[in-house]
There are 2 protein chains.
Amino acid sequence: VNEVMILHEYTASGNCFKIRLTAALLGLPIERRQYDIMKGETRTAEFLDNINSNGRIPVLQVGDRFLPESNAACWYLAESSALIPADRFGRADMLRWMFFEQYNHEPNVATLRFWMGWVGEDNLSDAQRALVPVKQAAGHEALMIMNRQLADIALYAYTHVAEDSGLFALADYQAVQAWIQRVAALPGYVPLDS
Amino acid sequence: VNEVMILHEYTASGNCFKIRLTAALLGLPIERRQYDIMKGETRTAEFLDNINSNGRIPVLQVGDRFLPESNAACWYLAESSALIPADRFGRADMLRWMFFEQYNHEPNVATLRFWMGWVGEDNLSDAQRALVPVKQAAGHEALMIMNRQLADIALYAYTHVAEDSGLFALADYQAVQAWIQRVAALPGYVPLDS
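The structure contained in this document is the topic of the report that follows. (Residues numbered from 1 in each chain as written. Chains lettered and ligands numbered in written order. Predicted model: local features only at pLDDT ≥ 70, side-chain atom pairs only at ≥ 80, totals over all residues. Heavy atoms only, no water.)

### Section: the sheet that holds strand 2 (residues 31-34) of chain A
Whether parallel or antiparallel, the strands of a sheet pair through hydrogen bonds between backbone atoms.
Part 1 of the reasoning: Spatially, four strands are ordered 2-1-3-4 (chain A) in an open sheet, and the strand pairing comes out mixed. Strand pairing shows two members of the sheet lacking a second neighbour, strand 2 and strand 4 (65-68) of chain A, which therefore form its edges. Pairs of neighbouring strands in the sheet enclose a mean axial angle of 25°, with direction left out of account.
Part 2 of the reasoning: Here strand 3 (residues 59-62) of chain A runs beside strand 4 of chain A; their pairing, made up of four bridges, is antiparallel. By the bridge assignment for strand 4 of chain A, A:Gln61 is matched with A:Phe66.
Part 3 of the reasoning: Here helix 3 (residues 70-78) of chain A sits on the sheet and contacts strand 1 (5-9), strand 3 and strand 4 of chain A; the angle it forms with strand 4 of chain A, its principal contact strand, is near 120°.
Part 4 of the reasoning: This element, helix 4 (residues 88-119) of chain B, spans strand 3 and strand 4 of chain A of the sheet and lies at about 40° to strand 4 of chain A. (Pairing = 2+ DSSP bridges. Helix = DSSP H or I, 4+ residues; strand = E, 2+ residues; numbered from the N terminus. Axes fitted to C-alpha atoms, helices over the stretch in contact; angles between N-to-C directions. Contact = heavy atoms within 4.5 Å.)

### Brief notes about the pairing of strand 1 (residues 5-9) of chain B
Residues and elements named next belong to chain B.
Part 1 of the reasoning: Counting buried positions along strand 1 yields five of five residues, so the element is predominantly enclosed.
Part 2 of the reasoning: Going residue by residue along strand 1, you find Met5, Leu7 and Glu9 tucked away on one face and Ile6 and His8 tucked away on the opposite face as well.
Part 3 of the reasoning: Judged from the four bridges that link them, strand 1 and strand 3 (residues 59-62) form a sheet pairing that is antiparallel. Residue pairing for strand 3: His8 is matched across the bridge by Val59.
Part 4 of the reasoning: With four bridges connecting them, strand 1 and strand 2 (residues 31-34) associate as parallel partners. (Buried < 20%, exposed > 50% of the residue type's maximum accessible area, 1.4 Å probe, protein only.)

### Here's the deal with the side chain of A:His105
Residue and element names in this part refer to chain A.
Part 1 of the reasoning: For His105, the position within the fold is in helix 4 (residues 88-119).
Part 2 of the reasoning: Only 2.8 Å separates the side chain of His105 from the side chain of Thr159, close enough to count as a polar contact.
Part 3 of the reasoning: The contacts of His105, once residues within four sequence positions are left out, are Phe100, Ala110, Ala142, Leu143, Met146, Leu155, Tyr158 and Thr159. (Polar contact = N/O pair within 3.5 Å; in protein donor to acceptor, adjacent residues only side chain to side chain.)

### So, the packing of helix 1 (residues 14-26) of chain B against helix 3 (residues 70-78) of chain B
Residue and element names in this part refer to chain B.
Part 1 of the reasoning: Where helix 1 meets helix 3, the closest approach of the two axes is 9 Å, and the angle between their N-to-C directions is 10°. One finds that helix 1 runs roughly parallel with respect to helix 3. Contact residues: Asn15, Lys18, Ile19, Thr22, Ala23 and Leu26 in helix 1; Ser70, Asn71, Ala73, Cys74, Leu77 and Ala78 in helix 3.
Part 2 of the reasoning: Grouping the constituent residues of the contact of helix 1 with helix 3 by class yields seven nonpolar, four polar and one charged. (Parallel < 35°, antiparallel > 145°, perpendicular 65-115°, else oblique. Nonpolar A, V, L, I, M, F, W, Y, C, P; charged D, E, K, R; others polar.)

Here's what the structure looks like:
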């Protein structure tokens, strides 16, 4: 990657953290540009027209091209590095966990973290409030599956802060806890809040 | 791919169709094994232990290895073929749309198709019923984004049958309609119901 890379982000987002962590582990420099999602800064006409029509961060800018979706950006940075398995099945299996993360894990564990820690329980709509136990159960199911099998950076992002919502206890998932410690000990590791 | 491949599937599922369509466009033979999701056949102990701990189809079996997540299976089949862009940014951008599909499109457009056409509106739980308008709005938003930009097999699967739920009209999305016709005209194309 020879072009300048700019991460359009909100620091506390686990989806943004994934990209910073991937870049850090690979020693790749990225510039950072902050948007306050609580103030709707990713829903402005300018953002929708120029950065991401889906109105979401993170977006990895590579030269004058824009790449939304955190796991696609991680893939872009990591291609041909040791972070991606060298064999065909292994690569697809890595993608399998990244899709699992966006379908079964993030909409539950990350959304509950955001609702409880950012929006605030008192400010939830009735529809959101009704979904809290549904998402909590689905989040437990995702953590249970992880507890039995391998995971990766994409899953680390929101798993290691799953307790932020007050609705998950990582002590219930011993293998996940041990894996979190292994990830945090990797050379080049950076914490979320940096 | 020299090993025997078996698709563990439910024919009417768009996620399963993606894999069949990818294999058909590439001329790759796959065997098929059917599970009735309405009878819980993907939640048996045997399925959870041997096929997919996440209790879901599709799963692409390659020899004695199992690959869940439809888009990961499509990637596995298509790697190094003309279906995947030759340049690094293009590959990541393709993944971007696949992640968009699983996060913004499938949980809305596909879930509503399943709820209205399989479960039946009268059998929805109160929580599900409350989510119908939320998911309909989010599905419209995803189709609107597609209407302005390019898409792929992963998005085709549930988009071309979006009207099944009775909650989306594809005539509202002219560019998407034209693109559906182009995909259906590809050499080697196979319909969902086959």
